[in-house]
Amino acid sequence: MDNMDADVLRVFIFSLITAVATGLGAVPFLFLKSVSKRTTAFAAAIASGLMLGASFGLLLEGSEYGTWQTLIGAGAGVLFIMLGARYLSTHSEIGFGSFRGQSARRILLVVATMTAHSFAEGIAVGVAFGGGM
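I will try to describe carefully the structure that is included in this document. (Residues numbered from 1 in each chain as written. Predicted model: local features only at pLDDT ≥ 70, side-chain atom pairs only at ≥ 80, totals over all residues. Heavy atoms only, no water.)

The next thing to look at is the overall build of the protein chain. Helices and strands together make up the secondary structure of the protein chain, namely four helices and two strands. Reading the secondary structure of the protein chain in the N-to-C direction produces α-α-α-β-β-α. Over its C-alpha trace the protein chain gives a radius of gyration of 18 Å, far above what one expects of a compact globule, namely 14 Å for 133 residues. Across its three principal directions, the C-alpha atoms of the protein chain cover 50 × 35 × 30 Å. Considering only residue pairs separated by 6 or more positions, the protein chain has 41% of its internal contacts joining residues 24 or more positions apart. Of the accessible surface of the protein chain, which amounts to about 10500 Å², a share of 72% is contributed by carbon and sulfur atoms. Taken as two groups, the 8 positive and 7 negative side-chain charges of the protein chain have centres that lie 27 Å from each other. (Helix = DSSP H or I, 4+ residues; strand = E, 2+ residues; numbered from the N terminus. Rg over C-alpha atoms; globule rule 2.2 N^0.38 Å. Contact = heavy atoms within 4.5 Å. Areas by Shrake-Rupley, 256 points an atom, 1.4 Å probe, with all protein chains shown as cover. Lys, Arg positive; Asp, Glu negative; His and termini not counted. Charge placed at Lys NZ, Arg CZ, Asp CG, Glu CD.)

If you want it as structure tokens, here you go:
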């Protein structure tokens, strides 16, 4: 295995670790029958803070390489979320497994957002390794 193959494998492994961490974050909720509004708010606040911190870090790093490209990419991400939410809000007969209506819309929005997030996260890991960091 040459150096490039080893680097690609390393990037894949670290990306896989981030995906596993995402799944592990949901494990505690498998053991709860219900979650209070206070717990939901606290968990959402922690997740939001971590994501905002990571987002600002990526925006700062990206702007060092191309401010306009970074702003366009960030805008495309925001637009994706807004259009996805709008699309889901206009379709009343949405189902996801046994969930219908508003619950199904929320689940689909989270799944779509997390899928896009995971793809972008993989790109970020690849770029970080590709940049020699």
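Locating Thr70 in the fold gives a position in helix α3 (residues 67–90). Residue classification places Thr70 among the buried positions, given a relative accessible area of 15%. Among all residues touching Thr70, those that are not within four sequence positions of it are Leu59, Gly62 and Ser63. (Buried < 20%, exposed > 50% of the residue type's maximum accessible area, 1.4 Å probe, protein only.)

A few words now on a nonpolar patch on the surface. On the surface, a cluster of nonpolar side chains totalling about 1100 Å² of accessible area is made up of Leu9, Phe12, Ile13, Phe14, Leu16, Ile17, Val20, Leu24, Val27, Leu30 and Phe31. Of note, Ile13 is situated in helix α1 (residues 3–26). Assessed through its relative accessible area of 42%, Ile13 is described here as partly exposed. (Patch = residues over 30% accessible without salt bridge, like charges linked within 9 Å, V, L, I, M, F, W, Y side chains within 5 Å. Salt bridge = Lys/Arg side-chain N within 4 Å of Asp/Glu carboxyl O.)

A few words now on the environment of Phe14. Among the structural elements, Phe14 can be located in helix α1. A relative accessible area of 40% places Phe14 in the partly exposed class. In the structure, Phe14 is positioned 38 residues away from Leu52 in sequence and 21 Å away in space, judged by C-alpha atoms. Once residues within four sequence positions are removed from consideration, Phe14 is found in contact with Val125 and Phe129.

So, on to the packing of helix α2 (residues 37–65) against α3. How two helices sit against one another is set out by the angle between their axes and by the gap between those axes. Running from N to C, α2 and α3 cross one another at 140°; their axes reach a closest spacing of 6 Å. In terms of axis orientation, α2 runs oblique to α3. On α3, the residues touching Leu59, Gly62, Ser63 and Tyr65 of α2 are Thr67, Thr70 and Ala74. Residues that form the contact of α2 with α3 fall into these classes: three nonpolar, four polar and no charged. (Axes fitted to C-alpha atoms, helices over the stretch in contact; angles between N-to-C directions. Parallel < 35°, antiparallel > 145°, perpendicular 65-115°, else oblique. Nonpolar A, V, L, I, M, F, W, Y, C, P; charged D, E, K, R; others polar.)

Before going further, it helps to examine the environment of Arg100. For Arg100, the location among the structural elements is in strand β2 (residues 99–100). Each C-alpha atom, one on Arg100 and one on Leu24, is 26 Å from the other, the two residues being 76 residues apart in sequence. A distance of 3.1 Å separates a polar side-chain atom of Arg100 from the backbone oxygen of Gly97. (Polar contact = N/O pair within 3.5 Å; in protein donor to acceptor, adjacent residues only side chain to side chain.)

Distances and angles like these do not, on their own, reveal function.
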